[in-house]
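# Secondary and tertiary structure notes
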Amino acid sequence: MAIRTLNIKGRLTSLNKPLVMGILNVTPDSFYAASRKTDTLSVGKRIEAILSEGGEIVDVGGYSTRPDAAEVSAEEEWKRLEPALKILMKDFPQVTVSVDTFRADIACRAVEEYGVAIINDISGGAWDDGMFPAVARLQAPYILTHGGGCNDGIFEEVLMYFAGKLRELRLMGVNDVIIDPGFGFGKTHEQNYELMRRLHEIKTLTDCPLLVGISRKRMIYNELGCTADESLNGTTALNTFALLNGADILRVHDVKAAVDAVMITEKLKN
């Protein structure tokens, strides 16, 4: 089996074993209330929890992307992010940090001032024309998300989207691109499950590392007839399916459960 790697701050990180990315929401309005951390004490405890449970990446976001979330200015987003980034740089300098933002200026500040390693942009560069040039200049791994939907043919739409965006990024000299099908972003319930069923095809046809972020989302709790608070079992089931079908990174709220899923699926695969 070929060794798959990401160049993270000059260090080659193997993806032969999937990585778990723990979510750190420094927002007052993220869809899963238990994930909201808005003071330095709770931020520090959340980082410690992610690491103690086996998470290898901390994904910090200061702008909620749930439906009907309030719009947040760049100044407010940075005001939320900076204290968490200071804690990560000072107390957890060894940790790989991802910043969840669609704004190029914020991505640049996070990378240049606080050593953030990965840029996670749910808009795929569509909400800020400066994002792709910034990624090319910074040479940080970039998470490219499909953020829209369509009336039909979602699989073909996603493949065409990734083909076009990847071509654009490659021409700009960006080599380390992680793709995210964007579960829950502008897609119907059935479209989400169609993409999940065809995950291995997406991975094979794009030939990129694959991130799956379905933690406690509507596609799970609506299917089960429960709430986000009650959807951990469904999340773990779907994460396990994703791991068996090519996922390289799981973006999750519940790190221990995801780490356990990685261990079990690795045993099955090996």
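You'll find the structure just up there.
Here goes a summary of the coordinates provided. Since this is a predicted model, take the numbers as computed values, not measurements. (Residues numbered from 1 in each chain as written. Predicted model: local features only at pLDDT ≥ 70, side-chain atom pairs only at ≥ 80, totals over all residues. Heavy atoms only, no water.)

### Concerning the nonpolar core
To keep it simple, the criterion reads: To form a nonpolar core, buried Ala, Val, Leu, Ile, Met, Phe, Trp, Tyr and Cys residues must be joined to one another through side-chain atoms within 4.5 Å. Only protein chains enter the accessibility calculation, which uses a 1.4 Å probe; a residue is then buried when its area is under 20% of its type maximum, exposed when over 50%, and partly exposed in between. Secondary structure is summarised from DSSP: a helix means a run of H or I of at least four residues, a strand means a run of E of at least two, and numbering begins at the N terminus for each. Throughout, a residue-residue contact means that at least one pair of heavy atoms, one from each residue, lies within 4.5 Å.
Counting residues in each nonpolar core, the largest one holds 70 residues, and the members touching the most others are V60, L85, I119, L144 and V212. Broken down by element, the residue count for this core peaks at eight residues, all from helix α5 (residues 154–171). Excluding residues that lie within four positions of it along the chain, L85 makes contacts with W78, V97, A110, Y114 and V116. I8, M21, A117 and I178 belong to the second largest nonpolar core, which has 12 residues in total.

### Examining the pairing of strand β3 (residues 19–25)
Put simply, the rule is: Any two strands are treated as partners once DSSP identifies two or more bridges connecting them.
Taken across its seven residues, β3 has seven buried, putting it largely inside the fold. Covered by surrounding structure in β3 are L19, M21, I23 and N25 together with V20, G22 and L24, the residues of both alternating faces. Relative to strand β4 (residues 57–61), β3 runs parallel, the two sharing five bridges. From the neighbouring strand, N25 faces β4, where its bridge partner is G61.

### Structural notes on unusual backbone geometry
Residue D207 is not a glycine yet carries a positive backbone phi of 55°. The residue D207 is located in the loop between α7 (199–206) and β9 (211–212) in this model. The residue R216 is not glycine, and still its phi comes out positive at about 55°. Topologically, R216 is positioned in the loop between β9 and α8 (218–224).

### Considering the packing of helix α2 (residues 74–91) against helix α3 (residues 104–114)
Quick reminder of the rule: Axis lines are fitted to C-alpha atoms, over the contacting stretch for helices. Their N-to-C directions set the angle, which ranges from 0 to 180 degrees. By the definition adopted for this analysis, an angle is roughly parallel if under 35 degrees, roughly antiparallel if over 145, roughly perpendicular if from 65 to 115, and oblique otherwise. Helix crossings are classified by the rotation of the near helix relative to the far one: an anticlockwise turn of less than a right angle makes the crossing left-handed, while a clockwise turn makes it right-handed. Classification convention: Asp, Glu, Lys, Arg as charged; Ala, Val, Leu, Ile, Met, Phe, Trp, Tyr, Cys, Pro as nonpolar; all other residues, Gly among them, as polar.
Remark: α2 packs on α3, axes separated minimally by 11 Å, with the N-to-C direction vectors making an angle of 20°. When the axes of α2 and α3 are compared, the pair comes out roughly parallel. The two elements α2 and α3 cross, and the hand of that crossing is right-handed. Between α2 and α3, the residues in contact are A74, E77, W78, L81, E82, L85, K86 and M89 and I106, R109, A110, E113 and Y114, respectively. Within the contact of α2 with α3, the residues separate by chemical class into eight nonpolar, no polar and five charged.

### Some words on the pairing of strand β6 (residues 118–121)
The condition that has to hold: By convention a crossover is right-handed if, when the strands point away from the viewer, the path from the first strand over the helix to the second runs clockwise.
Burial along β6 is two-sided: the face carrying I118 and N120 and the face carrying I119 and D121 are both buried. The sheet contact formed by strand β5 (residues 96–100) and β6 spans three bridges and is parallel. When the sheet's bridge partners are listed, D100 is paired in β6 with N120. Once the chain exits β5 it traverses α3 before rejoining the sheet at β6, and the crossover so formed is right-handed. Sheet topology places β6 next to strand β7 (residues 142–145); three bridges connect them, and they run parallel. Pairing of D121 across the sheet is with L144, part of β7. Running through helix α4 (residues 131–138), the crossover from β6 to the neighbouring parallel element β7 is right-handed.

### Quick word on α2
For the record, the criterion: By this rule the span expected of a helix is its residue count minus one, scaled by 1.5 Å. What is called the bend at a residue is the angle between a pair of axes, fitted to the seven residues leading up to and ending at it and to the seven starting from it.
Counted at 1.5 Å a residue, the expected span for α2 with its 18 residues is 26 Å, and the 26 Å between its end C-alpha atoms agrees. Where α2 bends most, at L81, the angle is about 30°, and the proline P83 comes one to four residues later. Within α2, the full set of buried residues consists of E77, W78, R80, L81, E82, A84, L85, I87 and L88. Contact partners of the buried residues in α2: β3, α1 (40–52), β4, β5 and α3.

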